[in-house]
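Coordinates in review
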4 protein chains.
Amino acid sequence: MNTWGERFKVSIFGESHGKAIGAVLDGVPSGTELDEEYIKMRMDRRRPGKNLMSTTRVEGDRVKIVSGFVNGKTTGTPMCGIIENRDMRSKDYQGELMRPGHADYTAYVKYGESRDFRGGGHFSGRITAPLVFAGAVAEQVLKKYSVTIGTHIYRVGDVYDTPFDSVSTDINALNDLEKMDFPVICAEAGEKMREEIDRSRLSADSVGGILECAICGMPAGVGSPFFGSVESRLSSMMFSIPAVKGIEFGRGFGFAGMYGSEANDEFYIENGQVKTRTNNNAGINGGITNGMPIIFRIAVKPTASIGQTQNSIDIERMENTEIKIHGRHDPCIVHRAASVVSAAAAITVLDMILGEA
Amino acid sequence: MNTWGERFKVSIFGESHGKAIGAVLDGVPSGTELDEEYIKMRMDRRRPGKNLMSTTRVEGDRVKIVSGFVNGKTTGTPMCGIIENRDMRSKDYQGELMRPGHADYTAYVKYGESRDFRGGGHFSGRITAPLVFAGAVAEQVLKKYSVTIGTHIYRVGDVYDTPFDSVSTDINALNDLEKMDFPVICAEAGEKMREEIDRSRLSADSVGGILECAICGMPAGVGSPFFGSVESRLSSMMFSIPAVKGIEFGRGFGFAGMYGSEANDEFYIENGQVKTRTNNNAGINGGITNGMPIIFRIAVKPTASIGQTQNSIDIERMENTEIKIHGRHDPCIVHRAASVVSAAAAITVLDMILGEA
Amino acid sequence: MNTWGERFKVSIFGESHGKAIGAVLDGVPSGTELDEEYIKMRMDRRRPGKNLMSTTRVEGDRVKIVSGFVNGKTTGTPMCGIIENRDMRSKDYQGELMRPGHADYTAYVKYGESRDFRGGGHFSGRITAPLVFAGAVAEQVLKKYSVTIGTHIYRVGDVYDTPFDSVSTDINALNDLEKMDFPVICAEAGEKMREEIDRSRLSADSVGGILECAICGMPAGVGSPFFGSVESRLSSMMFSIPAVKGIEFGRGFGFAGMYGSEANDEFYIENGQVKTRTNNNAGINGGITNGMPIIFRIAVKPTASIGQTQNSIDIERMENTEIKIHGRHDPCIVHRAASVVSAAAAITVLDMILGEA
Amino acid sequence: MNTWGERFKVSIFGESHGKAIGAVLDGVPSGTELDEEYIKMRMDRRRPGKNLMSTTRVEGDRVKIVSGFVNGKTTGTPMCGIIENRDMRSKDYQGELMRPGHADYTAYVKYGESRDFRGGGHFSGRITAPLVFAGAVAEQVLKKYSVTIGTHIYRVGDVYDTPFDSVSTDINALNDLEKMDFPVICAEAGEKMREEIDRSRLSADSVGGILECAICGMPAGVGSPFFGSVESRLSSMMFSIPAVKGIEFGRGFGFAGMYGSEANDEFYIENGQVKTRTNNNAGINGGITNGMPIIFRIAVKPTASIGQTQNSIDIERMENTEIKIHGRHDPCIVHRAASVVSAAAAITVLDMILGEA
């Protein structure tokens, strides 16, 4: 299950403290020009260690593409991108203590004593770096389909950003968001969010949030009824991102309090184009795109690693104990997850678009 | 994309007004005793036409199992279940008018003029009947794994039911819910929900809601990190159900306002068993079950078919027009969707459990 | 594993003596006109009971298409075709005696006592009827790609037919073969083969043979290196046909006695088209079509059911015993398998062509 | 299509003259001890440059395992093995000249001008090195299932080795074969084969052959009817190996001249075990193993690269021309392919065995 996709396949591998992590991408159309500087820029954006809001671990995160790429163009055969691991302090980790909110215990049950527990092993958020690499490739392929993707922090703690305009989403604003380390639409809300995160950091705690992602320019007719619905494909990818615990499309859970007469998006024709006046359904009817923006929200739980002492268990001695997690941690991963969500969205829609070709 | 699953594969087919609908199930362990009466009971529960809260269309929905099943036991080879269509009033449907909130337009773009638009064709909620059949088989296989699944209506309009107790979910209560046509934990809340639905019916409108599903008895260690996470698998299946627009696991979107110190579920050992004191993460860490109940919520949008006149378009003449939908419709599908959600959950966890074997 | 294909997916189900057998086809392009008479003609050709060379069981083999097909055209959603079983004499079969050459023992090991052993159950050659249905649909879709497929009996016993001309294969001759019940290029060879089969019948024995299939009109560039090679795809499908035990492409096993200077097919350009002077590689280089005819041979073992007494075992008593198979049997299935091989080839190349689109 | 397998998944990547080649293995059971020296030995065996019968290119072929492997044991998460490319003389290759028998032309059609043509790119036989790595891992996992695999050169030119005894295959002899650089059962036949190869080398030509592989110790009941047959799975993998053009199981094409009474393998019970007296069906009935050895033969065409001048085309100028291939080439790849066939067999049966668990 380390591979996702039908036409644009992404296989990921690696552990937080192993020799290297990476991804193999299959199905990249041959002859696609790839800007390695763009990939580097995307990797840097996800990369921690840039400020107090993120772990101070310095990850080089330089992707070395070892196959499928010659003279700045893809060859059409599998691309393998490798990221070497550095700056690892494995001694910070004790395998027998199960960190609450982490996959320590479930990894122990599934993989047994031979699992790599150092730094969370294969379960580490670090393994989202290969996803960002895959997304950076997908984004460049998507350019020729005029698809634009952007993600902003919709909520941290009790602070809310301005939501996207679901009917006339601003493409330029999306592109701007993708350049920000802390992507928000309303600068003031962003400032308050940072304060909220800083408060968590000072109390050795962490905080969760909600991300909102918009995919604009999708052609109508992409997706399938039932198992291949746009919602099924996007959600299966989004829940691959560690810490994601919810997803809603368009009005999502808000539909519960709506009437059909409000919820239905009425169609109209303007300049020969079919549009909807509202976009409560997030550009998706019956699992298939209708050409309006796809907008969804992602719930991100607070970082599991916190500095406070917690109750837990020693799995080897099978006894209750306390645990205090040392090492470097993010008081909030919502802003870093934004770049992963955009990458994951790019991977998903590229796979679906190539499937329609 | 009409097939879902790795080990327990479900393929569905059929259109609302075609000759028959059905499903092929592959991977059912041989020698499993199946009670056809149980299957009939599950089909009846989803079936409409029983009261004013549902469409008055009478669907026989008798499943004829034509393969893979001999003398009350499965043979281990593919099981095909067929449900004949009856009581179809195809003249109620006009293909050129795009019903808001439905897949008419997206089906037109994807499949063109040859699509079967009668009654929504392959996009009809009727195609969930084969899913319920598949689920009824899965539920019976799951018995030997001691897995229990139950779904209740958590919300309709502004009326809320009592939520599940996520730590000590009552298995008997789950089984009781699965026998109810209108499954709620609090009878009084159920009464108010019915009133809300009746109000919608009288105003030729419809109403949405939220379902809450609990899966108890899952062994720890099921699932995979990343693409094969329990959340990825369940969500990809749940979004296959028409009208589903959101899913959240455990605290879901509520995590946004929580601190890590609150969100983390602390482990403890009791009688040699590993448990968590809270269950905010819905029994899933790093995509893998930890043995606690899996609890998730599903947002269901209001039925798209309403009796009011709506603005829309004529896709053949490419002009704006009005549409008034005749035919028989549900003022609310949330309660009927409950049986589909339970079935879909059974299909998913069976596939995952067989994958671990 | 009852589903094959990436873009044109075929799922088969059914047992020889169950209620019905059939196939679900997913990925049929919408709006494809299908001639049901053509399907009937293809089914009739595979059907036994027409002469002494085949079993006298009369199979109606009428396919009822219950979904995905309206007004003579495909809708683009899954097509389910169902064939009811009739004329079954289940009492001819004893489950505890393992017939040599059949799957009785392996089915017993894999599926246990609940397997359906009547008539070979799901392992019966009868389950190739749904494949022929799927092939008859694929053939009609392939028409717009100008692909022509034909299969002849290359060998029965020691009698050989004239092989295909691999460089300039005659399309009309291929079409003619597909109309013959006993498809051969040289009528005289055909006559001798029939005599050979008749001799086997009279001695209560059976005889094997070799089929040769040609696929003409394939565009260049279809297929993939390694796992998705044309040879991999075709062979995985061909070995799904019961009794097939070998496949070779082009010179196949003959390559062992050749030098590279003989084996290499030299390219040349004629009228702006790239061709090869010889076609030893069967139109495939590096797993990908080069535009020349794809020609392969299929080894078919003698029918396992013979009238002679054989040594075998009683699996319930776990003791050695003798077995004499009653019921109706084919002294040779090679000619009937020809229509299955053509169908299987059509399924495979359609899936590959749709994958390139 | 760079990924193969259901439970033990192998993804390969790389080009002959790129930075690196490799494979990602998913589904390796956690806690499996892997001997890296064994992997090195297997890689060395496939490696060319050891004598005059192979190309003199020196490939280091040292596999660096960067993930999924800690302290000599697998962790259960994806294993990525990377092999750096060295000693590349890319200037030997001209992209516009289509080498007969190679994938140059088909790669040009499929991937266009951006393909990597240096040294055959992704189509190079060098990409079988990652397969051998995957096989070396699979072989070590298979040890606990007591499965033994061996391959010998059955034929080169007109020289034949002694075939395997299909009923009582000698396990020790299989193990011995796997240690030989030129694996034959009869040393004298091997000497004559070497002479044949040497003759080809001196005349700047190449020669083909046949490999015979035996898989012993397979439990009965592995595989599936139809699409998941043992023959389907093995053949789809074997035809992934460049230069393979045919496969036959057991008597294979020889069945054409046999009667059913000869071809059927009669069952008998000995010491409570079910066996067959002959093994014409290669241990497979109805696509499922019966516990007898699986024996199959593989046709390998002569190396496409030969030193003689050949007619061909210049694809850029679209004109007929001559080509003389420089660089280093194998006069025969049959003996080197033996290690690839054993590796490919190990990958396939491990995937099937894990699928039954």
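The residue numbering used here restarts from 1 in each chain and proceeds along that chain's sequence as written. Numbering of ligands from 1 and lettering of chains from A proceed in the order in which they are written. Reporting in this predicted model follows two pLDDT cut-offs: at least 70 for local features of residues, and 80 or more for side-chain atom pairs to be given and counted; totals over whole chains, interfaces and linings ignore these cut-offs and use all residues. Each side-chain value is derived from all of the structure's non-hydrogen atoms; neither hydrogens nor water enter the calculation.

Attention now moves to the relation of the copies chain A and chain D. A residue counts toward the fit only if its pLDDT is at least 70 in both copies, and the copies are then superposed by least squares on the C-alpha atoms of those residues. Superposition record for chain A on chain D: RMSD 0.0 Å, screw rotation 180°, translation along axis 0.0 Å. The transformation just described matches what one would write down for a two-fold rotation axis. It only takes one pair of heavy atoms within 4.5 Å for two residues to be counted as in contact. A share of 100% of the interface residues of chain A reappears at the interface of chain D, consistent with the copies meeting face to face through the same patch.

What follows covers the interface of chain C and chain D. With 102 residues of chain C in contact, the opposing surface of chain D contributes 102 residues. Taking both sides of the interface into account, the surface hidden between chain C and chain D amounts to around 7900 Å²; carbon and sulfur atoms contribute 64%. Within this document, salt bridges are pairs made up of a side-chain nitrogen of Lys or Arg and a carboxyl oxygen of Asp or Glu, the two lying within 4 Å of each other. Between the two partners, chain C and chain D, sit four salt bridges. C:Lys245 serves as the salt-bridge partner of D:Glu231, at 2.9 Å between the closest nitrogen and oxygen. Counted as a polar contact is a pair of N or O atoms within 3.5 Å, where, for protein atoms, one must be capable of donating a hydrogen and the other of accepting one, and residues adjacent in sequence contribute only when both atoms are in side chains. Between chain C and chain D we count 44 residue pairs in polar contact (both at pLDDT 80 or more) in total. Buried area: the accessible surface (1.4 Å probe) lost by two parts on joining, summed over both.

This paragraph deals with the relation of the copies chain C and chain D. The transform that puts chain C on chain D rotates by 180° and translates by 0.0 Å along the axis, for an RMSD of 0.0 Å. A high fraction, 100%, of the interface residues of chain C reappear at the interface in chain D, so the copies pair face to face through one surface.

Moving on, we get to the pairing of strand 8 (residues 148-156) of chain B. Residues and elements named next belong to chain B. When a residue's accessible area, from a 1.4 Å probe over protein chains only, is under 20% of the maximum for its type it is buried; when over 50% it is exposed; and in between it is partly exposed. Here a strand is any run of E in DSSP of at least two residues, a helix any run of H or I of at least four, and the numbering for each starts at the N terminus. Of all nine residues that make up strand 8, nine are buried, and the element is covered over most of its length. Inspection of the sheet shows strand 8 paired to strand 10 (residues 209-216) by eight bridges, in the antiparallel sense. Opposite Val156, over in strand 10, you have Gly209 as the bridge partner. In this scheme, strands are said to pair when DSSP sees at least two bridges between them. Where strand 8 hands over to strand 9 (residues 159-160), the hairpin turn is made up of two residues, of which Gly157 adopts a positive phi near 55°.

In this analysis, rings of Phe, Tyr and Trp, with Trp reduced to its six-membered ring, are considered paired at centre separations within 6.5 Å, and the interplanar angle assigns stacked below 30 degrees, edge-to-face beyond 60, and tilted for intermediate values. Under the counting rule described, the total for this entry stands at 22 aromatic pairs over all chains. Between A:Tyr154 and A:Tyr160, the aromatic rings sit 5.5 Å apart at their centres with planes inclined by 80°, giving edge-to-face as the arrangement. Taken together, a centroid distance of 5.7 Å and an interplanar angle of 45° make the contact between C:Phe249 and C:Phe296 tilted. One end of the pair, C:Phe249, is in strand 11 (residues 244-249); the other, C:Phe296, is in strand 16 (residues 294-300), and 47 residues separate them in sequence.

One less than the number of residues in a helix, times 1.5 Å, gives the span that helix is expected to have. Its 15 residues place the ends of helix 3 (residues 128-142) of chain A 20 Å apart at the C-alpha level, agreeing with the 21 Å of an ideal helix rising 1.5 Å per residue. Extensive coverage of helix 3 of chain A is indicated by the burial of 15 of its 15 residues.

Residue and element names in this part refer to chain D. Reading across from one edge, 1-2-3-7-4 is the order of the five strands in this open sheet, with antiparallel pairing throughout. In this open sheet, the two strands that pair with only one neighbour each are strand 1 (3-4) and strand 4 (63-65). Relative to strand 7 (residues 79-84), strand 4 runs antiparallel, the two sharing three bridges. In the sheet register, Val63 faces strand 7, and the bridge partner there is Ile83. Against the sheet, helix 3 (residues 128-142) engages strand 2 (9-13), strand 3 (20-26), strand 4 and strand 7, with an angle of about 35° to strand 3. Helix axes use the C-alpha atoms of the stretch in contact, all axes being lines fitted to C-alpha atoms, and the angles between their N-to-C directions lie in the range 0 to 180 degrees.

For the rest of this paragraph, the subject is the environment of C:Asp170. All names here are of chain C. Looking at the element boundaries, Asp170 is found in the loop between strand 9 (159-160) and helix 4 (171-177). Overall, the relative accessible area of 45% leaves Asp170 in the partly exposed class. Measuring from C-alpha to C-alpha, the distance between Asp170 and Cys216 comes to 8.9 Å, with 46 residues separating the pair along the chain.

Positive phi is not limited to glycine here, since A:Ala243 has a value of about 85°. Along the chain, A:Ala243 turns up in the loop between helix 6 (230-238) and strand 11 (244-249). In this structure, D:Asn271 takes a positive phi of about 50° despite not being glycine. Following the sequence through the fold, D:Asn271 ends up in the loop between strand 12 (267-270) and strand 13 (273-276).

Moving on, we get to the sheet that holds strand 8 (residues 148-156) of chain A. Pairing within the open sheet is antiparallel, and its ten strands lie in the order 9(A)-8(A)-10(A)-16(A)-11(A)-11(B)-16(B)-10(B)-8(B)-9(B). Of all strands in the sheet, those with a lone pairing partner are strand 9 (159-160) of chain A together with strand 9 of chain B, marking the two edges. Across the sheet, helix 8 (residues 334-356) of chain A is in contact with strand 8, strand 10 (209-216) and strand 16 (294-300) of chain A; its angle to strand 8 of chain A comes to roughly 145°.

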